[in-house]
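Fold and contact review
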Amino acid sequence: MKLQNAIVVNIDDNNHPLSTERQKGRIQIRILPFMLDVPESRLPWYDPFFRGAGSTGKFGFNPPKVNSNILVYPTTDSLRHGYYLDGDYISGFFDYSIVKAKLDTVTELSESTYSKIHFQLLENDNLHFYHESTGESGFIHKSGMYTIYDETGNVTLHSSNYNLKLNFDGTMLFTGANNSKVEVKSSGQIAFNDHLTIDV
Amino acid sequence: MGTALEAYIITIFIDGKELKIDTKQVAFQIDTSIWKILPTGNVIIQDPSGLLQEFLLTVPGTKLDITFGYEESFYKVPFIIVSDILPEVENASTNGGTLTIPVIHAWAFKQDPKLTSFDDRISGVLRTLTTVFPFNKVNINDTENQNFWYQSLKTDVEFIEEILLPKAFSRNSKFTPFFCFIDGQNNFNFQHYKYLSTQKPITILEYKEVVGKDFNLNIVADYSRKRMSFFEDELFHNRIVYGLSTTDGSVISEVDSIEDYSLKQPNDKIPYRKDQDISNYTYYEKLYDLDDVRGNRIFNQRKSISQEEILLVIPYNPEILAGSMVTFQTGVSGKNDDGSNLSQFSGNYLVEFASAIYDGFNQQAIMKLVITRKFNKYTNNYLLKNSLVGA
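Below is a short write-up of the structure. (Residues numbered from 1 in each chain as written. Chains lettered and ligands numbered in written order. Predicted model: local features only at pLDDT ≥ 70, side-chain atom pairs only at ≥ 80, totals over all residues. Heavy atoms only, no water.)

Another aspect to go through is the overall build of chain A. A tally of helices and strands in chain A yields one helix and 15 strands. Here the C-alpha radius of gyration of chain A, 24 Å, is well above what a compact globule of 200 residues would show, namely 16 Å. Considering only C-alpha atoms, chain A reaches an extent of 75 × 35 × 30 Å along its principal axes. Taken over 200 residues, chain A has a buried fraction of 31%. Contacts in chain A between residues far apart in sequence, at least 24 positions, make up 32% of those at least 6 positions apart. Carbon and sulfur atoms make up 53% of the accessible area of chain A, which amounts to about 12000 Å² in all. Between the centroid of the 17 positive side chains of chain A and the centroid of its 23 negative side chains there is a distance of 8 Å. (Helix = DSSP H or I, 4+ residues; strand = E, 2+ residues; numbered from the N terminus. Rg over C-alpha atoms; globule rule 2.2 N^0.38 Å. Buried < 20%, exposed > 50% of the residue type's maximum accessible area, 1.4 Å probe, protein only. Contact = heavy atoms within 4.5 Å. Areas by Shrake-Rupley, 256 points an atom, 1.4 Å probe, with all protein chains shown as cover. Lys, Arg positive; Asp, Glu negative; His and termini not counted. Charge placed at Lys NZ, Arg CZ, Asp CG, Glu CD.)

Printed below as a string of structure tokens:
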């Protein structure tokens, strides 16, 4: 047996022909080229290799998209059973410029040099990232809102309408609509729009 | 040793046309076996004029059909030519000589890799696969194994040998393994050992000295025998089988032995010293598709049926096919009080290999058979009987 290329056909195993094998986290696949002409109703259902169910009470389900290219590992020569390993690498789909464009919107990020940034671009267009040199890490929502942690643990939450910086030392600066501002200072004072200060 | 060759019908058709040739200028051998699907053979033809070669009658892929036997019983196999070889030019002016032509059953011509699938039992898949070739008869024992089957860029023969046959299972087989083979009468057979070994023997082959002109098709002029080696027997003797439960991942194990899967009768013994040690193992990973697992477990013990093999030579008898049962009698005949044969080597055997050999150059027609059996009953006088497997 060896790794094979396959296409995801169905991720809802409520369609499994055996009622006892439904809702078991399997996906239906078409192994290439061996199952090119096989009717969909006869295609096999493969088990997840990651996030399986190795013990009671511990299992997960995070299937790849339908019609995506994946790798599978058949475990029987009948090809009826095996594991799916998630996405296959297709070089045409890997485009760092998409990720760089998102990272460049994070003004707090010191730099976004390729190979220094570790990232996962999700199918819903959200991005998780981590900078291996500076220790910065964060999340960029597809709307443009982002969260970034610096190495000390200071965190910035930013969208087009507000900016919130929470510092490890307990200070905070919130900038909202129409440049409204709330600041918690190290002295414990809370300042509103630089005009009003309240001693706590 | 030979026989009145004029009594035989011998026809050879090349590309659908009968080869009009003196049968003294031709020899051939047709090899069939229960262990392989496609019969093979060899044809030797004198071509002194070189015309057979010149007119491309012997190029690979050409149909070559051989009929050899009597009017009421004969071997008839459609072959295709694998190659044609002229080992030595015997006539320089014509490039003539004696051609050697290896051949294989004509179904080989249809063996193309296919991408297709089936939703059927294994026996049903085989019935579909065999519809595309004009076999004389198709003899298929039913199986269980109802499932999806993927023929993934495999030829029909590869698909049968690699995927279907090793998994074939039937409760009707009494847990005996399956065999798939085409015999000398172009019959396609997919049968289990229970079916094969419980057939009525078609003839009695007797080893005895031929006196004068006493001729009988069933007299064995010569034979040799061998038993399975100790090392081969160890592979089948006391095997532990592991599998993983798909319900909770636990390891399930069972022990089976060389006595299993072969219709052992009371007092049957195997000529092999017994012990209780585990000598081999098989691991099935997750126990999906239990019919496939059962079938494969039995299939892996298949070779154990050949405990005792006898190679013998007899005059050509077209009624004896691979997969037939025969009774073999050595020079010592008769039975003991307990029903066992006086000679332990006499008894019923399954024909494993059958070679039909016609030699027109030396005017003889013979058969070489390898017959086999697994169990035997030994007379109570044999003091070592209780040390054998089966006691």
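Let us now look at the packing of helix α2 (residues 122-129) of chain B against helix α3 (residues 156-164) of chain B. For any two helices packed against each other, the geometry is given by the interaxial angle and the distance between the axes. Residue and element names in this part refer to chain B. The contact between α2 and α3 brings their axes to 11 Å, and the two run at 170°. Considering the angle they form, α2 stands roughly antiparallel to α3. Across from Ile-122, Val-125, Leu-126 and Leu-129 in α2, the residues of α3 making contact are Asp-156, Phe-159, Ile-160 and Leu-164. Per-class residue counts for the contact of α2 with α3 are seven nonpolar, no polar and one charged. (Axes fitted to C-alpha atoms, helices over the stretch in contact; angles between N-to-C directions. Parallel < 35°, antiparallel > 145°, perpendicular 65-115°, else oblique. Nonpolar A, V, L, I, M, F, W, Y, C, P; charged D, E, K, R; others polar.)

Attention now goes to the pairing of strand β9 (residues 146-149) of chain A. Residue and element names in this part refer to chain A. In this structure, strand β8 (residues 137-140) lies alongside β9, joined through four bridges in antiparallel fashion. Across the sheet, Ile-140 pairs through a bridge with Tyr-146, a residue of β9. As paired elements, β9 and strand β10 (residues 155-158) share four bridges and run antiparallel to each other. When the bridges of β10 are listed, Tyr-146 appears paired with His-158. (Pairing = 2+ DSSP bridges.)

This next bit is on the nonpolar core. Residues and elements named next belong to chain B. Core analysis: the biggest nonpolar cluster contains 42 residues, and Phe-28, Val-43, Phe-68, Leu-205, Leu-312, Leu-369 and Ile-371 have the highest contact counts within it. Among the elements that make up this core, the one with the highest residue count is strand β23 (residues 347-359) (five residues). Once residues within four sequence positions are removed from consideration, Val-43 is found in contact with Val-26, Ala-27, Phe-28, Leu-64, Ile-66, Leu-99, Thr-100, Ile-101 and Val-103. Within the second largest apolar cluster, 28 residues are counted, among which are Ile-80, Ile-104, Phe-178 and Ile-182. (Core = buried A, V, L, I, M, F, W, Y, C linked by side-chain atoms within 4.5 Å.)

This brings us to the sheet that holds strand β11 (residues 163-166) of chain A. Residue and element names in this part refer to chain A. Read from one edge to the other, the open sheet built from ten strands follows the order β6-β7-β8-β9-β10-β11-β12-β13-β14-β15, with strand pairing classed as antiparallel. Each edge of the sheet is formed by a strand with only one pairing partner; in this case those strands are β6 (117-121) and β15 (196-198). On average, each strand axis in the sheet is tilted by 10° relative to the strand beside it, whichever way the strands run. As defined by bridge partners, β6 adjoins strand β7 (residues 127-131) across five bridges and the pair is classed as antiparallel. Considered in β7, the bridge of Leu-121 is made with Leu-127. Against the sheet, helix α1 (residues 96-103) makes contact with β6, β7 and β8, and its axis sits at roughly 105° relative to β6, the strand it touches most.

Here we take up the packing of aromatic side chains. Per the counting criterion, the structure on display carries 27 aromatic pairs over all chains. Ring geometry for Tyr-223 of chain B and Phe-328 of chain B: centres 5.1 Å apart, planes at 75°, overall edge-to-face. Linking Tyr-223 of chain B in strand β16 (residues 222-227) with Phe-328 of chain B in strand β22 (residues 325-329), this pair joins segments that are 105 residues apart in sequence. Taken together, the aromatic side chains of Tyr-8, Phe-28, Phe-68, Tyr-70, Tyr-75, Tyr-316 and Tyr-358 of chain B make up a single cluster linked through ring pairs. One cation-aromatic arrangement involves Arg-80 of chain A over Trp-149 of chain B; the distance from NZ or CZ to the ring centre is 4.2 Å. The aromatic ring of Trp-35 of chain B is capped on one face by Lys-303 of chain B, whose charged end is 4.8 Å from the ring centroid. (Phe/Tyr/Trp six-rings, centres within 6.5 Å; stacked < 30°, edge-to-face > 60°. Lys NZ or Arg CZ within 6 Å of the ring centre and 35° of its normal.)

What follows covers the sheet that holds strand β17 (residues 239-244) of chain B. Residue and element names in this part refer to chain B. Strand order in this open sheet of three strands is β18-β17-β20, and the pairing throughout is mixed. Only two strands of the sheet have a single partner each, and these edge strands are β18 (251-256) and β20 (280-286). Each adjacent strand pair in this sheet contributes to an overall mean axis angle of 15°, direction not counted. Summarising the sheet, β17 and β18 pair through six bridges and their orientation is antiparallel. Each bridged residue has a counterpart across the sheet, and for Val-241 the counterpart in β18 is Glu-254.

Here we take up the environment of Gly-60 of chain A. All names here are of chain A. In this fold, Gly-60 is placed in the loop between β3 (45-48) and β4 (69-74). The partly exposed category is assigned to Gly-60, whose relative accessible area is 28%. Sequence separation between Gly-60 and Lys-102 is 42 residues; the distance between their C-alpha atoms is 29 Å.

Glancing now at the interface of chain A and chain B. Counting residues at the interface gives 20 residues for chain A, matched by 18 residues for chain B. In total, chain A and chain B occlude about 1700 Å² of area from one another, counting both sides; carbon and sulfur atoms represent 52% of this. Taken as a group, Phe-34, Arg-42 and Arg-80 of chain A account for 41% of the area that chain A buries against chain B, more than any other trio of residues on that side. Among the ionic pairs, Asp-77 of chain A bridges to Lys-167 of chain B, the shortest N-O distance being 2.6 Å. Residues belonging to the side of chain A that touches chain B are distributed by class as follows: ten nonpolar, four polar and six charged. (Buried area = accessible area lost by both parts, 1.4 Å probe. Salt bridge = Lys/Arg side-chain N within 4 Å of Asp/Glu carboxyl O.)

It is worth spelling out α3 of chain B at this point. For α3 of chain B, the full list of buried residues reads Asp-156, Val-157, Phe-159, Ile-160, Ile-163 and Leu-164 of chain B. Packing partners of the buried residues in α3 of chain B comprise β9 (114-120), α2, β11 (147-154), β12 (178-182) and β13 (187-192) of chain B.

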